[in-house]
Amino acid sequence: QVQLVESGGGLVQAGGSLRLSCAASGGTFSSYATGWFRQAPGKEREFVAEISGSGSVVNYADSVKGRFTVSRDNAKNLVNLQMNSLKPEDTAVYYCAANRFGAGYIALYDYWGQGTQVTVSS
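First things first, this report covers the structure right here in the doc. A quick note: this is a predicted structure, and the numbers were derived from the prediction, not measured.

### As for the packing of aromatic side chains
Inference 1: Scanning the entire structure with this criterion turns up four aromatic pairs.
Inference 2: A ring pair is formed by Phe 37 and Phe 47, whose centres lie 5.7 Å apart and whose planes are at 75°; its orientation type is edge-to-face. With Phe 37 in strand 4 (residues 33-39) and Phe 47 in strand 5 (residues 46-51), this residue pair connects regions lying 10 residues apart in the sequence.
Inference 3: Residue classification places Phe 37 among the buried positions, given a relative accessible area of 6%.
Inference 4: Take Phe 47: its relative accessible area is 17%, and that puts it in the buried class.
Inference 5: When the centroid spacing of 5.3 Å and the interplanar angle of 70° are considered together, the rings of Phe 37 and Tyr 109 count as edge-to-face. With Phe 37 in strand 4 and Tyr 109 in the loop between strand 9 (92-99) and strand 10 (111-112), the pair connects residues that are 72 residues apart, well separated along the chain.
Inference 6: The exposure class assigned to Tyr 109 is buried, which follows from its relative accessible area of 6%.
Inference 7: Among the aromatic side chains, those forming a connected cluster through ring pairs are Phe 37, Phe 47, Tyr 109 and Trp 112.
Inference 8: The ring of Tyr 95 carries the charged tip of Arg 45 above its face, separated from the ring centre by 5.8 Å.

Encoded structure:
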């Protein structure tokens, strides 16, 4: 079983950038696809981005495509989410998640971090 801890959230102005990190422990990290999800006030949790265990496959929600980049370093048990050109609508709690099945299985993410707050001011 893998444990996940997010960091890097904060306050940023619209158009700015922020980088989130997810640190994993307790499992074979390269065996897990890792994703980022977010939940804004009054909204359901939504998919943001994911990366396969090997790093060879990445997927993004249409709302962040071209602005966000997900990457991983299995030697350091880290997954990052680089967020550029941030918009106020990106404001949310961002969660790191993992699954044992692979990228593309969005509904099967079942290991979760506790979240980090990202606030984008207008």
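From this point, the narrative continues.
### Quick notes on empty space enclosed by the protein
Inference 1: What the rule picks out here adds up to one cavity of 30 Å³ or more.
Inference 2: Lining the largest cavity we find Arg 38, Gln 39, Ala 40, Lys 43, Glu 44, Glu 46, Glu 89, Thr 91 and Ala 92.
Inference 3: Residue composition of the lining of the largest cavity, grouped by class: two nonpolar, two polar and five charged.

### Re the sheet that holds strand 8 (residues 78-83)
Inference 1: One open sheet holds the four strands; their spatial order is 1-3-8-7, and the pairing between them is antiparallel. Each of the sheet's edge strands pairs with one partner strand only, and the pair in question is strand 1 (3-7) and strand 7 (68-73). Strand-to-strand, the axes of this sheet are offset by a mean angle of 15°, without reference to chain direction.
Inference 2: In the sheet, strand 1 pairs with strand 3 (residues 18-25) via five bridges, with the strands oriented antiparallel. Across the sheet, the residue bridging to Ser 7 is Ser 21, located in strand 3.

### Brief notes about the state of the cysteines
Inference 1: Under the defined criterion, the tally for this structure stands at one disulfide.
Inference 2: The disulfide partner of Cys 22 is Cys 96, and the S-S distance across this bridge is 2.0 Å. With the S-S dihedral at roughly -80°, the linkage between Cys 22 and Cys 96 falls on the left-handed side. Within this pair, whereas Cys 22 is found in strand 3, its partner Cys 96 is found in strand 9, the two being separated by 74 residues in sequence.

The rules we used
- Residues numbered from 1 in each chain as written.
- Predicted model: local features only at pLDDT ≥ 70, side-chain atom pairs only at ≥ 80, totals over all residues.
- Heavy atoms only, no water.
- Phe/Tyr/Trp six-rings, centres within 6.5 Å; stacked < 30°, edge-to-face > 60°.
- Helix = DSSP H or I, 4+ residues; strand = E, 2+ residues; numbered from the N terminus.
- Buried < 20%, exposed > 50% of the residue type's maximum accessible area, 1.4 Å probe, protein only.
- Lys NZ or Arg CZ within 6 Å of the ring centre and 35° of its normal.
- 1 Å grid on protein atoms, 1.4 Å probe; cavity = no way out; pocket = protein on both sides within 12 Å on 5 of 7 lines; lining within 4 Å.
- Points joined across faces, edges and corners; volume = space filled by probe spheres on them.
- Nonpolar A, V, L, I, M, F, W, Y, C, P; charged D, E, K, R; others polar.
- Pairing = 2+ DSSP bridges.
- Axes fitted to C-alpha atoms, helices over the stretch in contact; angles between N-to-C directions.
- Disulfide = S-S within 2.5 Å.

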